[in-house]
Amino acid sequence: MELQQLRYVVAIAETSSFTRAAERCLVVQSALSHQVARLERELGARLFDRTSRRVRLTPAGEAFLPSARQCLAAAERAAAEVAAAVGEVRGRLAVGLIPTVTAADVPAAIREFHDRYPQVRISLRVGASDDLIEQVRDGSLDAAFLGLPTTATPRGVAVRELARGHLIAVVAPDHPLSGEPTVSLKRLAAEVFVDLPPGTAGRAQSDQAFAAAGLDREVAYEVTSADYVPRLVGPGLGVAMLPSGFAPQLTGVATIEITDAPARVEYLIWAEANPTPAALAFVDLLSLDTGGAATS
């Protein structure tokens, strides 16, 4: 069994195509097919069902794929550790973030990191805070930028608090509240809301605030990304609450300070145990002292 064979299997599984997998791996399709067939003979099982229309994993392939990915990740990590031992940073840097992070200029940081460490392969994933925490824990991500209510702290990862802020109300430009300097949660509770799905950290910030105030509200529109919220608020379908630092990026809506606004905390997290050389270099670039980081 060879690492190249594992790379071919992963590429086929991710593209559902021998042709596209060969293009990704920069190899002719016949060579890729030959190596996969060799591996299947060695394993004594077919990894893929092939038809004229599609390629899909067999049950044996489904069982093989996670270990194949782990082997490739371990080999890449070993090479990165050797490079770090001689003063070079290589390997991969997988970064996650929520759409509303404002405590750090993530694109600028990634650009500076790329300029400083051009041999590191960088990827970026946008998601929900809870999902990003889990992905850092399981090694899918090397670092992530989160936003959580003050009642929550990331667990099982190295943590650095970046900033504290609060939520503001977001309404349509012609809404009766537009132009008001402030608004209370009690007044907002009379409105129809646009918010993130239940169970997400972003939704919890608002739910906990209304619950603590003894208020009920109606969330009629649920979206999976805060980026989409203004598109529903702008036409007047509902109101929303978003981080105050995110407000300058909003267009087509009006924003109002909330007198009893929910608070939130933005964090940078990375692996608690054995972080990659690239992750440590990224944290250092952000002028964060990993040695003094809090862990939970």
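Parameters at a glance
Residues numbered from 1 in each chain as written. Predicted model: local features only at pLDDT ≥ 70, side-chain atom pairs only at ≥ 80, totals over all residues. Heavy atoms only, no water. Helix = DSSP H or I, 4+ residues; strand = E, 2+ residues; numbered from the N terminus. Axes fitted to C-alpha atoms, helices over the stretch in contact; angles between N-to-C directions. Parallel < 35°, antiparallel > 145°, perpendicular 65-115°, else oblique. Contact = heavy atoms within 4.5 Å. Nonpolar A, V, L, I, M, F, W, Y, C, P; charged D, E, K, R; others polar. Salt bridge = Lys/Arg side-chain N within 4 Å of Asp/Glu carboxyl O. Buried < 20%, exposed > 50% of the residue type's maximum accessible area, 1.4 Å probe, protein only.

**Q** Would you mind going over unusual backbone geometry with me for this structure?
**A** Positive phi outside glycine occurs at Ser16, with the angle close to 55 degrees. Counting through the fold element by element, Ser16 comes out in the loop between α1 (3-15) and α2 (18-25). Despite not being glycine, Leu26 shows a phi value in the positive range, around 55 degrees. Here Leu26 is to be found in the loop between α2 and α3 (29-43).

**Q** Could you clarify how one ought to interpret the packing of α2 against α3 in this entry?
**A** For any two helices packed against each other, the geometry is given by the interaxial angle and the distance between the axes. With their axes 9 Å apart at the nearest point, α2 and α3 run at an angle of 105 degrees to one another. The orientation of α2 with respect to α3, classified from their angle, is roughly perpendicular. On α3, the residues that touch Phe18, Thr19, Ala21 and Ala22 of α2 are Gln29, Leu32 and Ser33. Here the residues of the contact of α2 with α3 sort into 4 nonpolar, 3 polar and no charged.

**Q** I tried to follow the pattern of salt bridges on my own but got confused; where do I start?
**A** Here the idea is simple: oppositely charged side chains can pair when their charged atoms come close. A full pass over the atoms with the stated rule returns 16 salt bridges. Linking Glu2 and Arg38 is a salt bridge whose minimum nitrogen-to-oxygen distance equals 3.9 Å. One end of the pair, Glu2, is in the segment before α1; the other, Arg38, is in helix α3, and 36 residues separate them in sequence. A relative accessible area of 38% means that Glu2 is categorised as partly exposed. The class for Arg38 is partly exposed, based on a relative accessible area of 34%. Asp115 serves as the salt-bridge partner of Arg111, at 3.2 Å between the closest nitrogen and oxygen. Taken together, the residues Arg111 and Asp115, both in helix α5 (residues 106-116) and 4 residues apart, mark about one turn of the helix. According to the relative accessible area criterion, Asp115 is partly exposed, its value standing at 48%. Taken together, the salt bridges that share partners define one network made up of Asp195, Arg203, Asp207, Arg217 and Glu222.

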